[in-house]
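# Structural features, examined
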Amino acid sequence: MIAFSKPTRGAEQQRLLFDRYPEYGFAGLQLKGGQYGDYLDDPVAGADRFRHDWGSEPGHVSSLITMNPLDVAGRQRLRTLSAFAGAVGAQRVVICHDVPREGLDDSDLIRFAGELSDHAEEAAEHGVALSLHHHTGEPVMHRRDFDVFFGAVRENTLRLTVDTGHLLRSGVTDVPALLTDFASVIDNIHLKDYADDEFRLLGQGSVDLISVLDAITALGPDVTLCVDEESRAEVLEGLQVSRDYLTKHLSAA
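Residues numbered from 1 in each chain as written. Predicted model: local features only at pLDDT ≥ 70, side-chain atom pairs only at ≥ 80, totals over all residues. Heavy atoms only, no water.

## Some words on the packing of helix α3 (residues 72–88) against helix α4 (residues 106–124)
Running from N to C, α3 and α4 point in directions that differ by 25°, and their axes come no closer than 9 Å. The orientation of α3 relative to α4 falls into the category roughly parallel. Between α3 and α4 lies a crossing whose hand is right-handed. When α3 is examined against α4, the residues R75, L78, R79 and S82 are found in contact with a partner set consisting of E115, L116, H119, E122 and A123. Residue composition of the contact of α3 with α4, grouped by class: 3 nonpolar, 2 polar and 4 charged. (Axes fitted to C-alpha atoms, helices over the stretch in contact; angles between N-to-C directions. Helix = DSSP H or I, 4+ residues; strand = E, 2+ residues; numbered from the N terminus. Parallel < 35°, antiparallel > 145°, perpendicular 65-115°, else oblique. Left-handed = near helix turned anticlockwise from the far one by under 90°. Contact = heavy atoms within 4.5 Å. Nonpolar A, V, L, I, M, F, W, Y, C, P; charged D, E, K, R; others polar.)

## Digging into the environment of R232
The residue R232 is located in the loop between β10 (224–228) and α9 (235–249) in this model. Of the residues examined, R232 reaches a relative accessible area of 76% and is grouped as exposed. Spatially, the C-alpha atoms of R232 and R200 are 7.6 Å apart, while their sequence positions differ by 32 residues. Side-chain polar atoms of R232 contact the side chain of E198, separated by 3.2 Å. (Buried < 20%, exposed > 50% of the residue type's maximum accessible area, 1.4 Å probe, protein only. Polar contact = N/O pair within 3.5 Å; in protein donor to acceptor, adjacent residues only side chain to side chain.)

## Regarding the packing of aromatic side chains
Under the defined criterion, the tally for this structure stands at 10 aromatic pairs. When the centroid spacing of 6.3 Å and the interplanar angle of 25° are considered together, the rings of Y36 and F84 count as stacked. You can see Y36 sitting in the loop between β2 (28–31) and α2 (43–54) and its partner F84 sitting in helix α3, a full 48 residues away along the chain. Like Y36, the residue F84 is buried in the burial classification. (Phe/Tyr/Trp six-rings, centres within 6.5 Å; stacked < 30°, edge-to-face > 60°.)

## Comments concerning the pattern of salt bridges
Evaluation of the coordinates by the stated rule reveals 25 salt bridges. Linking E115 and R111 is a salt bridge whose minimum nitrogen-to-oxygen distance equals 3.7 Å. Here E115 and its partner R111 are both found in helix α4, 4 residues apart, which amounts to about one turn of the helix. Owing to a relative accessible area of 15%, E115 belongs among the buried residues under this scheme. Residue R111 is classed as partly exposed on the basis of its relative accessible area, which comes to 42%. Salt-bridge contacts for R200 lead to E198; the nearest nitrogen and oxygen are separated by 3.1 Å. (Salt bridge = Lys/Arg side-chain N within 4 Å of Asp/Glu carboxyl O.)

## Describing the state of the cysteines
Evaluated as defined, the whole model comprises 0 disulfides. We note that C96 lacks a disulfide partner, and the nearest cysteine sulfur, in C226, lies 12 Å from it. Under the relative-accessibility criterion, C96 is labelled buried at 2%. With relative accessibility at 0%, the residue C226 sits in the buried group. (Disulfide = S-S within 2.5 Å.)

Rendered as structure tokens:
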């Protein structure tokens, strides 16, 4: 699957995104928290209301992205979100671990790995995968963090969403090597460009996206490629430029 993700401002922009993404060849959306957060009061009833408001097309909810710490409230929210994801038919929950990296050591990463392994098993009970989205400034940030963290993740539990923009922003430049080293746990790629301290439209930043796309072809067929478009571009420009880039550079697009 080739998916698309972009934050929106208000219902009008969200409707535009939901209505138009198939025209640009994308098979699904990976939703930001603001695009589904109003429906989490009750997982099953909320899923029904979401489908009523936005439509029942499975592609609308291919993945749900969340910023989530693992404090008591964060754990409960993650459980609720996993139940909602299962009820609405999402393939995965993508968790950005909203905890500062500063001051953490290997023991913290190992502890987090165990906690997120637990939550991945709980999500699987709802038919949903849980995938870690590394962020600059969060626990899994540097290249060595990946080794420590995923060395402690229990087998067949937590998956990995690789974000090309956040890797470069965090000082990790050999993205193809990371894709090779962690191929067994990668289930999702966020294709994103970055330069001068801001995310850019594809092809307008400093990420070596061509090498990344070449490396992706060696991953399994079930890995989702998602353009995670967080530039300043409007919705339709983001869709068009992203699709043009993939059409030119990805033979399977």
